[in-house]
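# Summary of structural features
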Amino acid sequence: MTHQEQDLTDRDLWRGVAAGDRLAFAEIFDRHAGAVYGHLLRRMGDHGEAEDLTSAVFLAAWRRRGEVRLDRESVLPWLLGTANHTLANRRRALKRYRALVERVPPPPDIPDHAEDVATRLDAERRAAALRRSVGRLPRHERDVVELCVWGGLDQQAAAVALGIPIGTVKARMHRARNRLGTLVPEELEKER
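Residues numbered from 1 in each chain as written. Predicted model: local features only at pLDDT ≥ 70, side-chain atom pairs only at ≥ 80, totals over all residues. Heavy atoms only, no water.

- An unreviewed UniProt entry annotates the chain as RNA polymerase sigma factor of Streptodolium elevatio.
- The heading Sequence similarities (unreviewed entry) in the UniProt record of the chain holds the text "Belongs to the sigma-70 factor family. ECF subfamily." (UniProt positions renumbered as here; feature names shortened; annotations may be inferred.)

As structure tokens, this is what we get:
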């Protein structure tokens with residue numbers, strides 16, 4: 001601050017502010033921001049809120065610079081009055097917000113589907129590994145598995161469908177199960 005600016009009163013500076021002089025406004029800010037902040041901090045007890053409202057007060061002062069009325073040679077009374085109005089507005093808004101929140105019904109209990117999704121994905125992964133494993137079986141064993149396991153036929157019906165004795169169906173099913181016991185874990189391991 002220059003010696004000349006120290007000699008200027010708020011009224012002198014405010015004439016420049018009213019004309020849009022940003023440097024004069026910066027000088028007003030430097031002079032009074034601490035007092036406005038302290039006033040708001042004492043009323044609120046919250047540093048962050050006091051900073052926010054101090055900014056709002058000075059924004060209002062800049063926007064309404066043509067309407068500001070000084071008391072004697074100081075703009076501080078107007079700034080503190082604006083701080084009180086700004087604080088009252090903030091408190092009213094907060095009160096309305098809290099009242100609205102209380103009127104809004106709580107959200108319905110929404111079940112967590114993550115476990116179901118994970119279970120389904122795991123089942124799909126195992127089913128895909130089983131299909132690939134069945135595809136690796138010799139054709140005659142694959143036919144028995146597809147008819148009995150996937151088609152839902154019993155072994156007698158599968159024997160009729162394939163035109164082979166039931167004992168052959170049973171032997172092929174036994175070999176297929178043994179092979180799948182090795183193939184399915186191999187297919188699952190490939191996915192990791």
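## Description of the UniProt feature "domain: RNA polymerase sigma-70 region" (unreviewed entry) in the chain
- The sites that carry the UniProt feature "domain: RNA polymerase sigma-70 region" (unreviewed entry) are, in the present numbering, residues 29-96.
- Its end C-alpha atoms 31 Å apart, residues 29-96 is made of 79% helix and 0% strand. (Helix = DSSP H or I, 4+ residues; strand = E, 2+ residues; numbered from the N terminus.)

## As for the packing of helix H7 (residues 139-150) against helix H9 (residues 166-191)
- As a packed pair, H7 and H9 sit with axes 9 Å apart at the nearest point and diverge in direction by 95°. As summarised for this structure, H7 and H9 are arranged roughly perpendicular, according to the angle between their axes. Contact with H7, carried on its side by His 140, Glu 141, Val 144, Val 145, Cys 148 and Val 149, involves Val 169, Arg 172, Met 173, Arg 175, Ala 176 and Arg 179 of H9 and no other residues of that element.
- Here the residues of the contact of H7 with H9 are counted per class, giving 7 nonpolar, 1 polar and 4 charged. (Axes fitted to C-alpha atoms, helices over the stretch in contact; angles between N-to-C directions. Parallel < 35°, antiparallel > 145°, perpendicular 65-115°, else oblique. Contact = heavy atoms within 4.5 Å. Nonpolar A, V, L, I, M, F, W, Y, C, P; charged D, E, K, R; others polar.)

## Here's the deal with the pattern of salt bridges
- With the rule as written, the count across this model stands at 12 salt bridges.
- A salt bridge links Asp 12 to Arg 15, with the shortest nitrogen-to-oxygen separation between them at 3.0 Å. Taken together, the residues Asp 12 and Arg 15, both in helix H2 (residues 10-18) and 3 residues apart, mark about one turn of the helix.
- Among the residues examined, Asp 12 registers a relative accessible area of 30% and is labelled partly exposed.
- Note on Arg 15: relative accessible area 54%, which makes it exposed.
- Through salt bridges with shared partners, a single ionic network connects Asp 10, Glu 27 and Arg 31. (Salt bridge = Lys/Arg side-chain N within 4 Å of Asp/Glu carboxyl O. Buried < 20%, exposed > 50% of the residue type's maximum accessible area, 1.4 Å probe, protein only.)

## Structural notes on the packing of helix H4 (residues 47-63) against helix H5 (residues 76-103)
- It is the contact of H4 with H5, at a shortest axis distance of 9 Å, that shows an interaxial angle of 120°. In this view, H4 runs oblique relative to H5, as classed from their interaxial angle. For the crossing formed where H4 meets H5, the hand is right-handed. Only Trp 78, Leu 79, Thr 82, Ala 83, Thr 86, Leu 87 and Arg 90 of H5 make contact with H4, whose side of the interface consists of Glu 49, Asp 52, Leu 53, Ala 56, Val 57, Phe 58, Ala 60 and Ala 61.
- Considered class by class, the residues forming the contact of H4 with H5 number 10 nonpolar, 2 polar and 3 charged. (Left-handed = near helix turned anticlockwise from the far one by under 90°.)

## Some remarks on the side chain of Arg 172
- Checked against the element boundaries, Arg 172 lands in helix H9.
- Of the side chains with opposite charge, Asp 143 comes closest to the buried, unpaired Arg 172, at an N-O distance of 6.1 Å.
- The residues touching Arg 172, leaving out its near neighbours within four places in the chain, are His 140, Glu 141, Val 144 and Ile 164. (Lys, Arg positive; Asp, Glu negative; His and termini not counted.)

## Brief notes about helix H3 (residues 22-44)
- Considering bend angle alone, the principal kink of H3 is centred on His 32 and spans about 50°.
- Ala 24, Phe 25, Glu 27, Ile 28, His 32, Ala 33, Val 36, Gly 38, His 39 and Leu 40 are the residues of H3 that are buried.
- The backbone nitrogen of Leu 23 lies 2.9 Å from a side-chain oxygen of the residue at the head of H3, namely Asp 21.
- Of the residues trailing H3, Gly 45 is marked for its positive phi of about 80°. (Bend = angle between axes of the 7 residues up to and from the residue. Polar contact = N/O pair within 3.5 Å; in protein donor to acceptor, adjacent residues only side chain to side chain.)

## A word on the packing of aromatic side chains
- Under the defined criterion, the tally for this structure stands at 4 aromatic pairs.
- Ring geometry for Phe 25 against Phe 58: centres 6.2 Å apart, planes inclined by 75°, an arrangement best described as edge-to-face. With Phe 25 in helix H3 and Phe 58 in helix H4, this pair connects stretches of sequence that are 33 residues apart.
- In this structure Phe 25 comes out as buried when scored by relative accessible area, which is 13%.
- By relative accessible area, Phe 58 is classed as buried at 5%.
- On the basis of an interplanar angle of 65° and a centroid distance of 5.1 Å, the ring pair of Phe 25 and Trp 62 is categorised as edge-to-face. Here the residue Phe 25 occupies a position in helix H3, and Trp 62 occupies one in helix H4, the gap between them amounting to 37 residues. No difference in accessibility class separates Phe 25 from Trp 62, as the two residues are buried.
- By way of ring pairs, the aromatic residues Trp 14, Phe 25, Phe 29, Phe 58 and Trp 62 are connected into one cluster. (Phe/Tyr/Trp six-rings, centres within 6.5 Å; stacked < 30°, edge-to-face > 60°.)

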